Amino acid sequence: LADAWLTLACVPALGPRALAALCEAFPDPRDACAAPAGALRAAGCSEGVAGGIARAVRDGAAAVERAWTTEAGAHVVTRADAAYPAALAPLPDAPAALFVRGTLPSPEDATIAMVGTRRCTEWGRAFAGTLARDCAVAPERLSPRYFASQTRKRPSSVASSNSPAGELAESGWR
């Protein structure tokens, strides 16, 4: 079951809302992974998602992702795992898998989640590092004002015109 969730997490075209719709049609992710393309399309999946699921299953994406995650010093927690946060599970756009370094906090602990991308800009990487450091050092200081002050500090040299950040820089956003 965990490998089926991880397989779905490996499909780039399958975003959180599309995953939620897929789960309505196929409550067990193993059924979604085994479904023919026609059944996936009938359930509302695009051609890209249906093809992505087929490729992820064929290529053993779950095993590859587990190996990559282990090599990075992390581990995978899927919706099938008891460690998957109970507060996250009922959300309509909850991820199929979490990639975790360290341990997940207990349900009683206050938490902050950082959700990222594999195609991060240099500015995004720097901001995520600053945010993570500041959360660890002084979480009580974090407020909407903090986030506004940090987003204004982005150096314009990081942006390029062919990226969303570059488009923001060209529009005068700093």
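Keep in mind that this is a model prediction, so the values were computed, not measured.

Enquirer: Would you take a moment to explain the overall build of the protein chain for this structure?
Expert: A count of helices and strands for the protein chain gives 9 helices and 2 strands. The order of helices and strands in the protein chain, counted from the N terminus, is α-α-α-α-α-α-β-β-α-α-α. A burial count over the protein chain gives 30% of its 174 residues as buried. Total accessible area on the protein chain stands at roughly 10900 Å², and carbon and sulfur atoms take up 57% of it.

Enquirer: Please explain the nonpolar core as it appears in this structure.
Expert: Generally speaking, soluble globular proteins have nonpolar side chains that are buried together. Counting residues in each nonpolar core, the largest one holds 25 residues, and the members touching the most others are Leu8, Leu14, Leu19, Leu22, Leu40 and Ile53. Elements supplying a minimum of two residues to this core: helix 1 (2-9), helix 2 (16-25), helix 3 (29-34), helix 5 (47-58) and helix 6 (61-71). Once you skip the residues sitting within four places of it in the chain, Ile53 turns out to touch Leu8, Val11, Leu22, Ala32, Cys33 and Leu40. Among the nonpolar cores identified, the runner-up in size contains 5 residues, and Val77, Ala94, Leu98 and Val100 belong to it.

Enquirer: In this structure, what is going on with the confidence of the model for the protein chain? I would like to understand it.
Expert: Interpretation of this model should avoid reading the predicted coordinates in detail wherever pLDDT is low. Per-chain confidence: the protein chain averages 78 in pLDDT, with 77% of residues scoring 70 or above. Put simply, helix 9 (residues 164-170) is where the protein chain has its lowest mean pLDDT, 36, and helix 3 is where it has its highest, 95. Confidence over residues 154-174 falls short of pLDDT 50; this stretch has 25 contacts with residues more than four positions distant or in other chains.

Enquirer: So what exactly am I meant to see when it comes to the pattern of salt bridges here?
Expert: Two side chains with opposite charge may pair up if their charged atoms get near one another. Under the criterion given, the structure shown has 5 salt bridges. For Glu47, the salt bridge goes to Arg41, with nearest N and O atoms at 3.0 Å. When its relative accessible area of 53% is taken as the criterion, Glu47 is described as exposed. The residue Asp134 makes a salt bridge to Arg133 at a minimum N-O spacing of 3.2 Å.

Enquirer: Looking at this model, I keep getting lost on the state of the cysteines. Mind explaining?
Expert: Should the sulfur atoms of two cysteines be covalently bonded, the bond is a disulfide. Per the stated rule, a full pass over the model turns up 0 disulfides. Summary of cysteine pairing: Cys10 is not part of a disulfide, and the nearest cysteine sulfur, belonging to Cys33, is at 9.7 Å.

Reading guide: rules and limits
- All residue numbers refer to positions counted from 1 along the written sequence of the respective chain.
- For a predicted model such as this one, the threshold for reporting local features is a pLDDT of at least 70, and the threshold for listing and counting side-chain atom pairs is 80 or more; totals across whole chains, interfaces and linings nevertheless cover every residue.
- In computing side-chain values, all of the structure's heavy atoms are included and hydrogens and water are not.
- A helix here means a DSSP run of H or I that spans at least four residues, while a strand means a run of E at least two residues long, and both kinds are numbered starting from the N terminus.
- For the exposure calls, accessible area comes from a 1.4 Å probe over protein chains only, and a residue counts as buried if that area is under 20% of its type's maximum, exposed if over 50%, partly exposed in between.
- Reported accessibility uses the Shrake-Rupley method at a 1.4 Å probe radius. Residues are deemed covered only where the shown protein chains occlude them.
- Think of a nonpolar core as a cluster: buried Ala, Val, Leu, Ile, Met, Phe, Trp, Tyr and Cys residues, connected wherever their side-chain atoms sit within 4.5 Å.
- Should any heavy atoms of two residues lie within 4.5 Å, those residues are considered in contact.
- The score called pLDDT rates the predictor's confidence residue by residue, from a low of 0 to a high of 100.
- Basic side-chain nitrogens of Lys or Arg form a salt bridge, by our definition, when they fall within 4 Å of a carboxyl oxygen of Asp or Glu.
- By disulfide we mean two sulfur atoms from cysteines, separated by a distance within 2.5 Å.

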